[in-house]
Amino acid sequence: METIMNTPNQPSDENLKDLVCPDCRAELTRRRTRNPDACEMLCGGCGQIFDVCDLETVEKLKQT
């Protein structure tokens, strides 16, 4: 079983649970792939991918 290690840039799941898409207001979820990228989250509505390791992106998603 493979575990994802937290890097210094990677926000914890606790900080990401209330993020919503700025366009369609749907909740963001982790992408499910063979090789998951801990920084990518996927919009459940429109399918956009967001980089949550970028602090500016996270602040933008929290403001909406």
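Note that the coordinates shown come from a computational prediction; the quantities given were computed from them, not determined experimentally. (Residues numbered from 1 in each chain as written. Predicted model: local features only at pLDDT ≥ 70, side-chain atom pairs only at ≥ 80, totals over all residues. Heavy atoms only, no water.)

**Q** Would you mind going over the state of the cysteines in detail, with residue names and values included?
**A** In a disulfide, the sulfur atoms of two cysteines are held together by a covalent bond. All chains considered together, the criterion is met by one disulfide. The residue that forms a disulfide with Cys39 is Cys53, at a sulfur-sulfur distance of 1.9 Å. An S-S torsion of about -80 degrees defines the bridge between Cys39 and Cys53 as left-handed. Taken as a pair, Cys39 in the loop between strand S1 (28-30) and strand S2 (40-43) and Cys53 in the loop between strand S3 (49-51) and helix H2 (55-63) lie far apart in primary sequence, 14 residues in all. Accessibility assignment for this pair places Cys39 and Cys53 in one class, buried. Of all cysteine sulfurs, the one in Cys46 lies closest to Cys21, which takes part in no disulfide; the gap is 3.7 Å. Relative accessible area serves as the criterion here: at 0%, Cys21 is assigned to the buried category. (Disulfide = S-S within 2.5 Å. Helix = DSSP H or I, 4+ residues; strand = E, 2+ residues; numbered from the N terminus. Buried < 20%, exposed > 50% of the residue type's maximum accessible area, 1.4 Å probe, protein only.)

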